[in-house]
Structures are given as structure tokens and as C-alpha cells.
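What follows is the residue order along each chain.
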Amino acid sequence: MKIVCIGGGPAGLYFALLMKQQDPGHDITVVERNKPYDTFGWGVVFSDATMDNMRAWDRETAGEIQEAFNHWDDIELRFKGRAIRSGGHGFVGIGRKRLLNILQARCERLGVKLVFDTEVASDEDFPDADLIIASDGVNSRIRTRYAEGFQPDIVTRPNRYIWLGTHKLFDAFTFDFQRTEHGWFQAHIYKFDDQTTTFIVECPEAVWKAHGLDQADQDQSVAFCERVFAESLQGAPLMANARHLRGSAWLNFQRVVCAQWWLENRAGAHVVLMGDAVHTAHFAIGSGTKLAIEDAIELARQFKQTGGRREDIPGVLAAYQELRRIETLRIQNAAWNAMEWFEVCGERYCDQLEPEQFMYSMLTRSQRISHENLRLRDSAWLEGYEHWFAQRAGVEATQGGKPPPPMFTPYTVRGVTLKNRIVVSPMAQYSAKDGLVGDYHLVHLGARAMGGAALVFAEMACVSADGRITPGCPGLYRPEHTAAFRRIAEWIHAHTDAKFGIQIGHAGAKASTRIAWEGIDQPLAEGNWPIVSASPQQYLEGVSQVAREMSRADMETIQAQFVHAARAAADAGADWLELHCAHGYLLSSFISPLTNRRTDAYGGSLENRLRYPLEVFAAVRSVWPQDKPLSVRISAHDWVEGGMTPQDAVEVARAFRAAGADMIDCSSGQVSKREKPVYGRMFQTPFSDRIRQEAEIPTIAVGAISEADHANSILAAGRADLCAIARPHLANPAWTLTEAARIGYKGVHWPPQYRSGKQQLESHFEREKAMQAERG
């Protein structure tokens, strides 16, 4: 095959040498715009795993790189006058110029033609090529030329950064955070050879402009950074290497994702994107070079499997795209999480968190590193952090004893102390009769209280018969309802050390529907009752009943029903009350602009839309015991354009905090059937994190939290104060006890009747771990 690689970065060079190594008969040329053995930039980073991959494909090149790289395991945080270090992270740093020189020399030895100092205007400059690799970088001309075919999605991020270097050597991957009069700057620092360190300085656009850096030339910017990070530099100067850039040396990161990675041009050659031309990953996790190298490896692997014939090219490229697309999205998602963390840390974390928790939050910013993964990397550091966390929860460390994991530390709100941080979410069971909970609910809730959770919520108790979602939903509007809930509360208090919570709400436009397994959200076949909402609406367009707009008299009546239900919950002996203002139910329908189209004082601005929910909250708070917590569940994101956003949710949380709410239960969605949520593990936790830090109110994280590792990571990082677990508790009432055994924590209390099972379960998981260790 005749192969041309446009762009002499790591992707193009490494692919060229791999293909030439596979078949010396391939005619391969790499065309590079820069001069021979010239490059810009400082050090690049990739993981030990990428080095292992390179070693398997070309031991000679890997050996040369290994001799030249700088390897380190430690990450150090410099923050608020402290230096905190954690080990076991395994990175490789090498100068970009040195890496390219090694790849260039290896290409030349194998017979790859290198053409330097040549600008390529078009892929059609090579009419006789069979395969053209467009590895021409983030501003790829080839991708731009065929934008309609490649369908790039390019997002420019708000932070500014400048890529510098210094001869001051650092022995760990160092993150340095410095506060100025206008805000926070952060530096990403890593040594890449025995003389030089990369020093990337980053800050928000507003901070950059406030310091006049938008008007500064390169020398002035370097001098400014030297002043900000003088303590770490200790007199060493910073150096710029960006003479190829026009204007400011400060850049904005561009996230690139392409829907299509290859196509056939008019000359019949196949053109395929590789490296930054097809995808970018933010430097916050240092995976750009990794992705480029692994692109080259995968495409070479596909050609090797098929024999490297010209007729195989379309099939090879299709397989390459499919395999790399999945892995690339995984890395890009992690990089996006890490990038967003650095973009908001000045506003959300730097001032709010103590250095110990800030370090934990930073280490887990990508969500690829979990609590137990940190234990594998540096168990001593993590155990020290767990001691720190436990002490702040009021747990005194015993001499020589191990601290409890974060999820097993107590938490106090008003006069209620929870034994741990795990909550059984309110989950609709559709098993009440005329609003009355019975034996089913006693067994259901009692079993979960026995299972180790600190707080067990009953499903939403509706404040009126017309406020029920379905005929099978519980209520708190008749004396017998109160007595039935009291029976459950008394049983839980008598037989367990769990607390009992009741959530109250009104279904609004989602009322008068069938129980879930008979047609969720579908109106009743018969016996429907009238429904109300903030504004006229149908939840299921063309299917649901039309809810009428509430009048002021309706609002006063329903507010009185909420007050009655709150008093009933107190009479029933509930320890905790939650007001349901989420998921498109009545109070939620006032908050979201998708469902509130009123023109009176209760519609329009967010302040007006919150008016009625806050009136209800104030009335409920006034009758709910002052020594008991009152939380509010909200939909922090409608997942619909024009609906509630996470920024709106911060304002909602601030309003409820000012009204006296103790916690915000951070859910999302279910307001509109037009929603397009982005699911994934812990997918709603970022809403909890943002609200907790920016609205300065404790939060409950919910949504796809299914392992102790998830809960411990969320709590330890300060992304929430409690974790509400839903579906896993349906599958396993003793989820909390099971997860304690799974992670090897034996300090959890078991009911005496079940203690004979404790040791057996712990032994089972210990055997599983031993078997996994043997398998390597």
C-alpha cells in the first residue's frame, strides 16, 4: 500500500513505523510542516499501561522512550500553605521534542520517508495514495475540508491556559493553587527530563481579564505567572516555547469529537483521522498522547489481522472507528469531568474545602479513580484521610484501630443523629388501599431498616386522595393513615437503630394514573379524578388527562393539606420529613418553566415560580418539630432545552435554605417526556456537588449509586452528605450490611438475630478477594 501521514506528531509517526515494521513493502511517507527535528511544546504524559502497550508492539522504540522518560508515582498538592502528597499513581513524562525525535529516527531506520517543512493544503495533493492518515492536529485542515463527512463537534472551553516550562525540577506531579485578589490560578507541573519541567498555568476567563492578561504580551504573561507561583519556583524563571502562536500565548482548550472518522476522497483514496484531529482530551488527565499512540496501535492491529491489503481498507477503517470510538469516549468523558473540575474549582472548591478534602476531590475529579482504587494506590494516605474525615464526624480514632469508611460515619441534623450516611430512597410500591399502608409496607420498610441503612424513607405520602399518583399510593389525609404509619415507625424504632422518614407530596398533573406494572403514567381505565397543576398541561401529550390551572383558592386548600400531612407525620413518629418538589409533581410544576406558564405573581421569573413552593414549605416548617430535619427533593435538571438547569437548581436550593430547609435531595428529570438525560453511574451526583458547594447547604446524592465504593467516593470528596440508594435496596434489603462485608469493614452493627450470618458473609467476600488475587 501507498500510505501518506499528514502531520508528524506521535499518531502519524507511530502508525508509520508500525506499518513499515509489519510490511517493509509498504510505501509510507510522513509529511510535517515543521523543520527536521524541530517541535514546539514541553513535556507530554502517558500512563504505565500505555508504555506496556507500546512495548508489546515495538520493543525497540519503547526501550528508547523508557530510557528517556521520567517516571513518577506521587501527586503533590500545594494549597493554602500546605503540601499534601499521595503515591501509587504511575505516570510517564517525556519531552515532546525528545519523543518525536525518537519516533522520527525509528521511522528513518525502518525506511519511512520523512518530508519536513511542508504545508499540506489538501489530501488531493497525493492522488496516488491508497491511505491518507490525517493526523494534522486539533486545527486539522483535512477535517475542516470534509466537515460535512466527518461531522466534527468542537466545543471551546472557558478557561485560559498557557503552556510554559522551567528548569526548576519537581519530584512529583504537582498541582499548585494560588489565590490572587481577583481569583484563583492553578498550575499543572511535571518534570519530563533531568533538566526541564512542564508548567501549565490555568485560570477562568474572568480572572484572566481582571488581571489584564488579555492585553499582556507573552513576556508580560510569563512574568506575571512567575510572581503568582514564586513560592514554588523559588527564583527559577519560567520559559515560553510558543513562538509559532500568533497573538496571546494564552489558549482555550477545544474539545473535538467526530461522528465519522474516515471517508473516501474523489481520487479513491481513503482518508482517516487520527489523534487530535479526531478527538481531544483535556490536559487535566494527560491523555492526548495516549489516545494518539493507541489510535496508531489499533489501526495497525486491524491491518495486521487482515493482511494489510488495499481491498481491506474500508473494513479495516470501519472496525478501527468502532473499537476506538468506545475507548475514546470513555477517556474523553473522564477528561471532561477532570476539565470541568479545574474550570469551577476556584468558585466551588478552593474557598469551601479544607486542604485534606480538596486533595481527595482533586484526585477523584475524573471519576475514574474511586475510594478503593485510592486504597490500592496509597493505602497509608487514604487511611490517614479516613481518620481525618471520621474525626470531623465526631468519631474518635482508637489507638491502632482503623477508621470507619466515610459511609459508616454518623451524621447529625438538628436533633437527629444518623448512625451512618446511607438512606433508603422513597420508592413507590403501589400497594396501599385507599391511601392506607399495611402489612406489606411494614415488612418492606422494616426489612430495609434491619438491613443497616441509617434512614429509611417511606414512598411519597400524598396529602389528599386527589393528590395520589395512583389508587395504590399511600396518603396522610385521614386519621387511619396516621395510625398505619405510626405502626411502622414504632416497629422500626423498637427493633432497629434506623430512623424513619416520610416524604409528603401531591402528584399534580401526574395524578390519577395506573399502578406501574399496569401501564406507568397511563390514565386509569375508569374512575379518574380531576387533576390540577401550576398551568394546564398533559404529561403524556394526547394521552394523559389535561390538568387545570390552580386557582388561588386551590393553592390555599392544598397548602392546608400539606400542613395537615406534616402534622400527621409528626404524630406518626417520623424522625425526618421531606417535601417533594421534584419529578413534575405539583410543587415541581410551579418551579419548572416547562410546566409553569402562569401570568400572575406565581409565574414568570424563577423567583415568582418558587413563590408557592416556598409558601408551602414555610407552612410545613412552622408545624414540623423544630428538633427534626426537613429536607426538600428537587429536580436539579429538566434535561430539556428551556427547562431547569443546574445553575437554576443552585438558586432553588439557596431559596429553600433561606426558608429553613436542612438538606436538598438532588434528583433530576421526570418533568417532561421530552427529556434526554445522560445516564451513567452516579450521573446525578454532580448536581449534589454543585448545590452543596455553591448554595452552601447539605445535600443528599441520588441516582445510580450502587456500590459502597460509589458512596464512599461521593462522601469523602464532599460531593454530598448522605447517599440515597434506591434500586439496589429493592434487590437487597440488607444492601448496607452486604457492602460493609464486601469492602471488609467489620465495625458495622448487625441485628442480633442476624449475627450468625455476618461472619459467613464476611468470609465469603474474603475468599472471593483471595481467589481474585490468585488469578492476578
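Right above here is the structure, for reference.
So, a few notes on the structure that sits alongside this text. (Residues numbered from 1 in each chain as written. Predicted model: local features only at pLDDT ≥ 70, side-chain atom pairs only at ≥ 80, totals over all residues. Heavy atoms only, no water.)

Notes on the overall build of the protein
Then, number 1: Tallying secondary structure elements over the protein gives 26 helices and 30 strands in all.
Then, number 2: Against the compact-globule benchmark of 28 Å for 776 residues, the protein has a radius of gyration of 30 Å, which places it among compact chains.
Then, number 3: Principal-axis analysis of the C-alpha atoms gives the protein an extent of 90 × 65 × 55 Å.
Then, number 4: Expressed as a percentage of the 776 residues in the protein, the buried residues total 59%.
Then, number 5: Residue pairs at least 24 apart in sequence account for 71% of intrachain contacts in the protein once pairs closer than 6 positions are excluded. (Helix = DSSP H or I, 4+ residues; strand = E, 2+ residues; numbered from the N terminus. Rg over C-alpha atoms; globule rule 2.2 N^0.38 Å. Buried < 20%, exposed > 50% of the residue type's maximum accessible area, 1.4 Å probe, protein only. Contact = heavy atoms within 4.5 Å.)

Details of the sheet that holds strand β8 (residues 113–115)
Then, number 1: Here we have six strands laid out as an open sheet, ordered β8-β2-β1-β9-β17-β16, and mixed in their pairing. Because the sheet does not close on itself, it has two edges, and the strands there are β8 and β16 (262–264). Averaged over all pairs of adjacent strands, the angle between their axes in this sheet comes to 20°, without regard to strand direction. (Pairing = 2+ DSSP bridges. Axes fitted to C-alpha atoms, helices over the stretch in contact; angles between N-to-C directions.)

Topic: the packing of helix α12 (residues 355–363) against helix α14 (residues 379–392)
Then, number 1: Closest axis-to-axis distance for the α12/α14 pair is 10 Å, and the angle between their directions is 130°. If you check the angle between α12 and α14, you find them oblique. The two elements α12 and α14 cross, and the hand of that crossing is left-handed. Facing α12, whose interface residues are Glu 356, Gln 357, Met 359, Tyr 360 and Leu 363, α14 presents Trp 381, Leu 382, Tyr 385, Trp 388 and Phe 389.
Then, number 2: For the contact of α12 with α14, the class distribution of residues is eight nonpolar, one polar and one charged. (Parallel < 35°, antiparallel > 145°, perpendicular 65-115°, else oblique. Left-handed = near helix turned anticlockwise from the far one by under 90°. Nonpolar A, V, L, I, M, F, W, Y, C, P; charged D, E, K, R; others polar.)

So, the sheet that holds strand β3 (residues 43–47)
Then, number 1: With antiparallel pairing, the three strands of this open sheet are ordered in space as β3-β7-β4. Each end of this open sheet is capped by a strand with a single partner; those strands are β3 and β4 (70–72). On average, adjacent strands in this sheet sit at an angle of 25° to one another, irrespective of strand direction.
Then, number 2: Where β4 and strand β7 (residues 91–95) come together, three bridges link them in antiparallel fashion. Across the sheet, the residue bridging to Asn 70 is Gly 93, located in β7.
Then, number 3: Each of β3, β4 and β7 is contacted by helix α2 (residues 48–57), which is oriented at about 85° to β3, the strand it contacts most.

Structural notes on unusual backbone geometry
A negative phi holds for most residues other than glycine; trans holds for most peptide bonds.
Then, number 1: Despite not being glycine, Gln 151 has its phi angle at roughly 55°, a positive value.
Then, number 2: Mapped onto the secondary structure, Gln 151 falls in the loop between α6 (147–150) and β10 (152–166).
Then, number 3: Positive phi is not limited to glycine here, since Tyr 430 has a value of about 55°.
Then, number 4: For Tyr 430, a relative accessible area of 16% puts it in the buried group.

Concerning the nonpolar core
Buried together is how nonpolar side chains tend to be arranged in soluble globular proteins.
Then, number 1: Ranked by size, the top nonpolar core spans 127 residues in total, and within it Phe 177, Phe 500, Ile 502, Ile 504 and Ile 691 carry the most contacts.
Then, number 2: Beyond its immediate sequence surroundings of up to four residues, Phe 500 is in contact with Leu 445, Leu 455, Val 456, Ala 458, Phe 485, Ile 488, Ala 489, Ile 492, His 493, Ala 574, Asp 575 and Trp 576.
Then, number 3: In terms of nonpolar packing, the next biggest core, distinct from the first, is built from 68 residues, Val 112, Leu 114, Val 271 and Ile 313 among them. (Core = buried A, V, L, I, M, F, W, Y, C linked by side-chain atoms within 4.5 Å.)

Quick word on the packing of aromatic side chains
Then, number 1: Counting across every chain of the model gives 35 aromatic pairs.
Then, number 2: Here the aromatic rings of Tyr 146 and Phe 150 are separated by 6.3 Å at their centres, their planes lie at 85°, and the arrangement is edge-to-face. Just as Tyr 146 is buried, Phe 150 falls in that class too.
Then, number 3: Ring centres 5.6 Å apart and planes at 75° place the aromatic pair Trp 261 and Tyr 320 in the edge-to-face group. Here Trp 261, found in the loop between β15 (251–258) and β16, pairs with Tyr 320, found in helix α11 (residues 313–348); they are 59 residues apart in sequence, far enough to count as distant. (Phe/Tyr/Trp six-rings, centres within 6.5 Å; stacked < 30°, edge-to-face > 60°.)

A look at the pattern of salt bridges
Then, number 1: Using the criterion set out here, one finds 54 salt bridges in the structure.
Then, number 2: Residue Asp 58 pairs with Arg 106 through a salt bridge whose shortest N-O separation is 2.9 Å. You can see Asp 58 sitting in the loop between α2 and α3 (59–68) and its partner Arg 106 sitting in helix α4 (residues 96–110), a full 48 residues away along the chain.
Then, number 3: Accessibility expressed as a relative area gives 2% for Asp 58, which makes it buried.
Then, number 4: Exposure remark for Arg 106: the relative accessible area of 7% places this residue in the buried category.
Then, number 5: Bridged by salt links that share partners, the residues Asp 58, Glu 60, Glu 64, Arg 106 and Arg 109 form one connected network. (Salt bridge = Lys/Arg side-chain N within 4 Å of Asp/Glu carboxyl O.)

Thoughts on the side chain of Thr 174
Then, number 1: Checked against the element boundaries, Thr 174 lands in strand β11 (residues 173–180).
Then, number 2: A distance of 2.9 Å separates the side chain of Thr 174 from the backbone oxygen of Ala 172, its partner in a polar contact.
Then, number 3: Every residue in contact with Thr 174, bar those within four places of it in the chain, is listed here: Glu 76, Arg 78, Ala 187, His 188 and Ile 189. (Polar contact = N/O pair within 3.5 Å; in protein donor to acceptor, adjacent residues only side chain to side chain.)

What about the packing of helix α10 (residues 288–306) against α11?
Then, number 1: Contact pair α10 / α11: the axes reach a minimum separation of 9 Å and the direction vectors enclose 150°. Accordingly, the angle class assigned to the pair α10 and α11 is roughly antiparallel. The hand of the α10/α11 crossing is right-handed. Residues Lys 290, Leu 291, Glu 294, Asp 295, Glu 298, Leu 299, Gln 302, Phe 303 and Thr 306 of α10 pack against Ile 313, Val 316, Leu 317, Ala 319, Tyr 320, Leu 323, Arg 324, Thr 328 and Ile 331 of α11.
Then, number 2: Of the residues assigned to the contact of α10 with α11, the class counts are ten nonpolar, three polar and five charged.

Considerations on the pairing of strand β1 (residues 2–6)
Then, number 1: By the criterion of burial, β1 is predominantly enclosed, with four of the five residues buried.
Then, number 2: In this sheet, strand β2 (residues 27–31) lies alongside β1 in parallel orientation, the contact comprising five bridges. Its bridge partner lying in β2, Cys 5 is registered against Val 30.
Then, number 3: Note that the unit made of β1, helix α1 (residues 10–22) and β2 has a crossover that is right-handed.
Then, number 4: One ladder, built from four bridges, connects β1 with strand β9 (residues 131–134); its direction is parallel. Across the sheet, residue Ile 3 finds its bridge partner in β9, namely Leu 131. (Right-handed = clockwise from strand over helix to strand, strands pointing away.)

Thoughts on α12
Then, number 1: Most of α12 sits out of view: nine of its nine residues are buried.
Then, number 2: Three or more residues of α12 are buried, namely Pro 355, Glu 356, Gln 357, Phe 358, Met 359, Tyr 360, Ser 361, Met 362 and Leu 363.

Things to note about α1
Then, number 1: With 13 residues, α1 ought to run about 18 Å at 1.5 Å a step, and its terminal C-alpha atoms sit 18 Å apart, in line with that.
Then, number 2: Taken across its 13 residues, α1 has eleven buried, putting it largely inside the fold.
Then, number 3: Three or more residues of α1 are buried, namely Pro 10, Ala 11, Gly 12, Leu 13, Tyr 14, Phe 15, Ala 16, Leu 17, Leu 18, Met 19 and Lys 20. (Expected span 1.5 Å × (residues − 1).)

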